[in-house]
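Structural description and commentary
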Amino acid sequence: MSSLPLLIVASAALLHLLRHYLSNRVHENVISSVPFSGKISQAGDTVVAVREAAKEGSQNNKTIVCFPGFLETSSYFLDLYGALDCELVFVNNANYHSPFASANIESLDWPTNPYESGSIEYDGFHLALAVKNFASYEQVVLHGHSRGGAVVLDAGRQFPEITNDSARNITAVLEAAVLPQAKAAGGTPGPIRAALMAYLMPFMFSYLRGLPAAKIVRFPMMKPNNPHKTDVLQYLFKSAKQIKTLVANMLSLAEWQKNQTVDVFKNYQTINHLTI
């Protein structure tokens, strides 16, 4: 009987060590690289891909800046914008693998990001700087999908002088966006349940990362489907370099929804909402 408490302590210690290993292990990039005819740069944990407008002309005088959703990379937007002639700026989730093939990645001399990597605030900081440093035209569209919608809104909260610049026409496009004060489906868990869920997240994401793509695309939440979505989904749980980034994404999302208010909508001249 006396050995039981020691066994429990040892098992708990091993479980915690395993959680630490799963959280911090750096995964190699297994995402299929997409050819990209532009410049790839990096600031901190964030990769920014910029493609100049194909040619000068009235239809090309626009910059589209994109930020993907949770578990996604910038390739999410390629089917929508890849064939356009306008200037494109793809800002990737921090500490995610870049989907674009590039032999040389330029280091950006930007101010140090004061926020935790993986948080909405961290991504919003770099998104705003991408607009400031890479958007060449007066007409700018910031398109954020899901969690990326919250990142777009937080970029405006942090840098309203950039997103609400009177010298530019800046429009936010929020696609099925995470919004302030919104409630999660199924309700908000209590503190004990929330802490347990956060502790178990590395195990859950590690399990999902190991699932074959054919099984992932059959999940009910992944439907309806199409060829592009199928291609995106096969790398869905393999996009982050470390599981701890996905955990930070989830925890930050819940905190951001709780702490932010509708005031974040005031930092854009125009906001368009897209629902699915």
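Residues numbered from 1 in each chain as written. Predicted model: local features only at pLDDT ≥ 70, side-chain atom pairs only at ≥ 80, totals over all residues. Heavy atoms only, no water.

**Concerning the side chain of E72**
Stated precisely, the cut-off is as follows: Numbering of helices and strands runs from the N terminus; a helix is a DSSP stretch of H or I covering at least four residues, while a strand is a stretch of E covering at least two. Polar contacts, as used here, are pairs of N or O atoms within 3.5 Å; protein pairs need one atom able to donate a hydrogen and one able to accept it. Residues neighboring in sequence count only if both atoms are side-chain atoms. The contact criterion used is simple: two residues touch if any of their non-hydrogen atoms lie within 4.5 Å.
Within the element layout of this structure, E72 appears in the loop between β3 (63–67) and α2 (78–81). One polar contact links the side chain of E72 to the main-chain amide nitrogen of G69, over a distance of 2.6 Å. Excluding residues within four positions of it along the chain, E72 makes contact with N92, N93, Y96, H145 and S239.

**Description of the sheet that holds β3**
We count it as follows: In short, DSSP must find at least two bridges between two strands for them to pair. Note on geometry: axes are C-alpha line fits, over the in-contact stretch for helices, and angles between N-to-C directions span 0 to 180 degrees.
In spatial order, the strands read β5-β1-β2-β4-β3-β6-β7-β8; together these 8 strands make up an open sheet with mixed pairing. Each edge of the sheet is formed by a strand with only one pairing partner; in this case those strands are β5 (106–107) and β8 (270–274). Across 7 bridges, strand β6 (residues 139–145) lies against strand β7 (residues 169–175) in parallel orientation. Residue pairing in the sheet places L142 in a bridge with A172 of β7. In the packing of helix α4 (residues 147–158) onto the sheet, the strands contacted are β3, β6, β7 and β8, and the crossing angle to β6 comes to about 135°.

**Examining a nonpolar patch on the surface**
As a reminder of what qualifies: Patch building starts from residues that exceed 30% relative accessible area and form no salt bridge, then joins like charges within 9 Å and nonpolar side chains (Val, Leu, Ile, Met, Phe, Trp, Tyr) within 5 Å. Note on areas: Shrake-Rupley, 1.4 Å probe, and residue coverage restricted to the protein chains presented here. Basic side-chain nitrogens of Lys or Arg form a salt bridge, by our definition, when they fall within 4 Å of a carboxyl oxygen of Asp or Glu. We call a residue buried when its accessible area falls under 20% of the maximum for its residue type, exposed when it is over 50%, and partly exposed in between, using a 1.4 Å probe and counting protein chains only.
Together, L4, L7 and I8 line one region of the surface with nonpolar side chains, adding up to about 300 Å² of accessible area. Within the fold, L7 resides in helix α1 (residues 3–24). Look at L7 and you get exposed, because its relative accessible area is 53%.

**Quick notes on the side chain of H145**
Mapped onto the elements of the fold, H145 is located in strand β6. Here E72 takes part through its side chain, which lies 2.9 Å from a polar atom of the side chain of H145. Of note is the side chain of H145, whose polar atom sits 3.5 Å from the side chain of Y76. Once you skip the residues sitting within four places of it in the chain, H145 turns out to touch F67, P68, G69, E72, Y76, F77, E175 and A176.

**Quick word on the layout of surface pockets**
Selection rule: Residues are called lining when one of their atoms sits within 4 Å of a cavity or pocket point, these points coming from a 1 Å grid over the protein atoms alone, where a cavity is a set in which a 1.4 Å probe fits but cannot get out and a pocket is an open set with protein on both sides within 12 Å along at least five of seven lines. Grid points are joined across faces, edges and corners, and a volume is the space filled by probe spheres set on the points. Gly is placed with the polar residues, together with every amino acid not listed as nonpolar (Ala, Val, Leu, Ile, Met, Phe, Trp, Tyr, Cys and Pro) or charged (Asp, Glu, Lys and Arg).
The calculated volume of the second largest pocket comes to roughly 170 Å³. Along the walls of the second largest pocket sit 14 residues, with I31, S75, D231, V232 and Y235 positioned nearest its centre. A per-element tally of the lining of the second largest pocket places helix α8 (residues 227–233) first, with 3 residues. Taken together, the residues that form the lining of the second largest pocket break down as 7 nonpolar, 5 polar and 2 charged.

**Points about the nonpolar core**
The tendency in soluble globular proteins is for nonpolar side chains to be buried side by side. The following threshold applies: We define the nonpolar core as a collection of buried residues of types Ala, Val, Leu, Ile, Met, Phe, Trp, Tyr and Cys that are connected through side-chain atoms lying within 4.5 Å of one another.
Counting residues in each nonpolar core, the largest one holds 36 residues, and the members touching the most others are V65, V89, V91, W110, L127, F134 and L142. For this core, the secondary structure elements donating two or more residues are β2 (46–51), β3, β4 (87–91), α3 (120–134), β6, α4, β7 and α9 (243–259). In terms of residues, this core owes the most to one element, α3, which gives 8 residues. What L142 contacts, discounting residues up to four positions off in sequence, is V65, L127, V131, V152, I170, T171, A172, V173 and Y268. Core analysis: the second largest hydrophobic core is formed by 17 residues, M201, L208, L211 and L246 among them.

Any functional reading would require information beyond the geometric quantities listed.
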